[in-house]
Number of protein chains: 2
Amino acid sequence: MEGDPLSALFTPAFVVDVDKAKRNAQRMIERCQKLGVQLRPHMKTHKTLECADIMTGGSQRCIVVSTLAEACFYADHGYDDILYAYSVPFDKVERCAALSERLDLFQILLDHPDALEQLRKRPLKDAIAKTEGVELTGVYAHCGNTYYCTGVEQIQAVAQETTKLTLQFMEKLKAVGITCKSSIGSTPTCSHPVKDMAQLSEVHPGNYVFYDVQQSTIGSCCLEDVAVRVLTRVIGHCPHRNQLLIDCGWAGISLDGAGKLPTGYAVIEGHPNLKLLSMTQEHGRVEPISGQLDYSKYPLGSLLTLIPYHSCATAVMHPVYHVHSEGRLVGKWTPTRGW
Amino acid sequence: MEGDPLSALFTPAFVVDVDKAKRNAQRMIERCQKLGVQLRPHMKTHKTLECADIMTGGSQRCIVVSTLAEACFYADHGYDDILYAYSVPFDKVERCAALSERLDLFQILLDHPDALEQLRKRPLKDAIAKTEGVELTGVYAHCGNTYYCTGVEQIQAVAQETTKLTLQFMEKLKAVGITCKSSIGSTPTCSHPVKDMAQLSEVHPGNYVFYDVQQSTIGSCCLEDVAVRVLTRVIGHCPHRNQLLIDCGWAGISLDGAGKLPTGYAVIEGHPNLKLLSMTQEHGRVEPISGQLDYSKYPLGSLLTLIPYHSCATAVMHPVYHVHSEGRLVGKWTPTRGW
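Rules used in this analysis
- Residues numbered from 1 in each chain as written.
- Chains lettered and ligands numbered in written order.
- Predicted model: local features only at pLDDT ≥ 70, side-chain atom pairs only at ≥ 80, totals over all residues.
- Heavy atoms only, no water.
- Pairing = 2+ DSSP bridges.
- Helix = DSSP H or I, 4+ residues; strand = E, 2+ residues; numbered from the N terminus.
- Axes fitted to C-alpha atoms, helices over the stretch in contact; angles between N-to-C directions.
- Buried < 20%, exposed > 50% of the residue type's maximum accessible area, 1.4 Å probe, protein only.
- Contact = heavy atoms within 4.5 Å.
- Buried area = accessible area lost by both parts, 1.4 Å probe.
- Salt bridge = Lys/Arg side-chain N within 4 Å of Asp/Glu carboxyl O.
- Nonpolar A, V, L, I, M, F, W, Y, C, P; charged D, E, K, R; others polar.
- Least-squares fit on C-alpha atoms with pLDDT ≥ 70 in both.

An unreviewed UniProt entry lists chain A under the name Zgc:162816, with Oreochromis niloticus given as the organism.

This is the structure:
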């Protein structure tokens, strides 16, 4: 299939514009270099080796993951310095310890004294166990409130506030003799960083490599920066309801974004008057925002292109991503799944 | 892990009570036998070989699928008489033809003259192609409006109306010299069939093997009949928000059911006062419907059991299902995915 146009794909199909993904990744690398802060990209949006390679600039070091399955997947493929950004799950302490012993650097999160007890019972590294028990490496925060922002000004206000609070906390730690790293992150703040973020040790955004309609609405990116689409085909005309049926249901794009967009569950590229109104497992219902559908524009079998509201949620529905450069297929990426 | 209790599983985990699934399947088989109508079970809820075997009573014949990937998966594993219940997708005619040539019986749906044109260009069986082109096998309807019902009376009213309309249509076909099969279905109507359904050739329900909270709300089943759960663990206490954090987000249970239940995105078994309020990819926020949380009842690491609102949507999020009998693990089922 390499070299074929996108229209050769069976639908629904999740497609990645590799040039846009590389450009998004390169811009984030440059932004962090300019700011003087370490970039630790998050893998949860895509969960593939190929995209991890792009985001780490080929270093295969210094990543964040959201599941232990991701941590093991990347460790199995030569990645190291992995931060498992999850309050240590008590059922997985043994698996964390095993992974820790295989890697040079494996970090987990703690947010409760009971979790410290779990780690004292089964420390992640023998060397540490014999000396001090558990070592605090840093402080990790995710400014998820940026997802309620609209525009750069609001994003940067959150970035400033989060940075200030984090740095104040670091000062308090220092005052009691604790020196450690600080890491904050979210795609909106790291897409529009403020100067003070230079005083942090790390940032850990993830979604930016794909971006999505949500990020463009927040103001993290332009719609043109979004690197992913779901291709779908018209499979039915329903003139009695003034609707089209498409072959993408919630199994192909997810239910994320309900009620958020005037265009429904996605943006239908090049058709601003169309709305993805509702879905069943394998069908989508599309209707015009206003007026009557001109069915001659949408013959059965014709392609439509959906820009996902939330690329993390859409990607997770697909067992394979079809990768293209300028509309020609160049390969497939296979994500890891599960926990 | 066989023989282990459910608490040995890493969470989130999708678990199937095989005894309940078998009982649900057996009841449907008996209901159809009693009615004298052929059961053609739908595979889209589970997409596994093991559950297909249970639903077909071991015959491995006469099934419905929602994707061509499912059709190929079942064909590859010895299944035959497969109905691909989807308006023939123009991009997949060649794959349909190839499958048709491998199987004794492969049926597709047509709902537009353009689709007939596509099939005349590439008929599914040479034998037919050489004689008549395309053969009408039957009429297929899904009474999806049963999903708006509450209680057996309403379900049976829809079943009666759908059956009547279908049989009237069959009469009209007969009047112009066309004799063919008729198939209707939906889990609610087939869980509470009306006598006239005996005059149909087939029924094609699917969800009934698992059932879910939605089906219990409609009245298709009792909550006790639901064969699937998502196991999750408490991973955080948030007393400032009167909330618990659990390790199941939308990646583990799906976003289906938003706004439908007083208990949020699921029913939390044994805790009727708890609500799964909102989710991120890997976190769920749980709060009491009324009053203050007693955190001593929900220590970090403790298990909670979610009954899914829509088992089709939840199952699709999991690359493996953990199967148990009376709380002891007996195996794993691996579903097929994609299109």
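*Asks:* Just checking my understanding: could you explain the sheet that holds strand E5 (residues 106–109) of chain A for this structure?
*Replies:* Residue and element names in this part refer to chain A. Strand order in the open sheet made by the three strands is E3-E4-E5, with parallel pairing throughout. With one partner strand each, in any of the chains shown, strand E3 (61–65) and E5 form the two edges of the open sheet. Neighbour-to-neighbour, the strand axes of this sheet turn through a mean angle of 15°, independent of strand direction. In the sheet, strand E4 (residues 80–87) pairs with E5 via four bridges, with the strands oriented parallel. Considered in E5, the bridge of Tyr84 is made with Ile108.

*Asks:* I'm lost on helix H3 (residues 68–76) of chain A in this one. Help?
*Replies:* Working note: α-helix, 3.6 residues per turn, so residues spaced by three or four point in the same direction. Residue and element names in this part refer to chain A. Of all nine residues making up H3, seven are buried, and the element is well covered by its neighbours. Where H3 is concerned, the buried positions are Leu68, Ala69, Glu70, Ala71, Phe73, Tyr74 and Ala75. On its buried side, H3 packs onto helix H2 (49–55), E3, E4, helix H4 (93–102) and E5. Positioned one or two residues after H3, Gly78 has a phi angle of 90°, which is positive.

*Asks:* Would you mind showing me how to read the interface of chain B and chain A here?
*Replies:* A common way to state how big an interface is: give the accessible area lost once the parts meet. Each partner contributes residues to the interface: chain B has 42 residues there, and chain A has 42 residues. Contact between chain B and chain A buries roughly 3,500 Å² in total, counting both sides, with carbon and sulfur atoms accounting for 65%. Three residues, Phe10, Tyr86 and Trp339 of chain B, lead the burial of chain B against chain A; their summed loss comes to 21% of the area buried on that side. The tally of links between chain B and chain A comes to six salt bridges. Note that Asp247 of chain B is salt-bridged to Lys92 of chain A, the shortest N-O span being 3.9 Å. Those elements that place two or more of their residues in the side of chain B that touches chain A are strand E4 (80–87), strand E9 (228–238), helix H10 (250–253) and helix H11 (311–315) of chain B. Partitioning the side of chain B that touches chain A into residue classes produces 17 nonpolar, 13 polar and 12 charged.

*Asks:* Looking at this structure, I do not really get the relation of the copies chain B and chain A. What am I missing?
*Replies:* In this arrangement, two copies of a chain are superimposed by a rotation about an axis accompanied by a shift along the axis. Least-squares fitting of chain B to chain A yields an RMSD of 0.0 Å, with the superposition described by an axial translation of 0.0 Å and a rotation of 180°. Here the two chains are linked by the operation of a two-fold rotation axis. Distance from the rotation axis, computed per C-alpha, reaches its smallest value in chain B at Leu255 of chain B: 3.0 Å. When the interface residues of chain B are mapped onto chain A, 100% of them are again interface residues, pointing to one common binding face.

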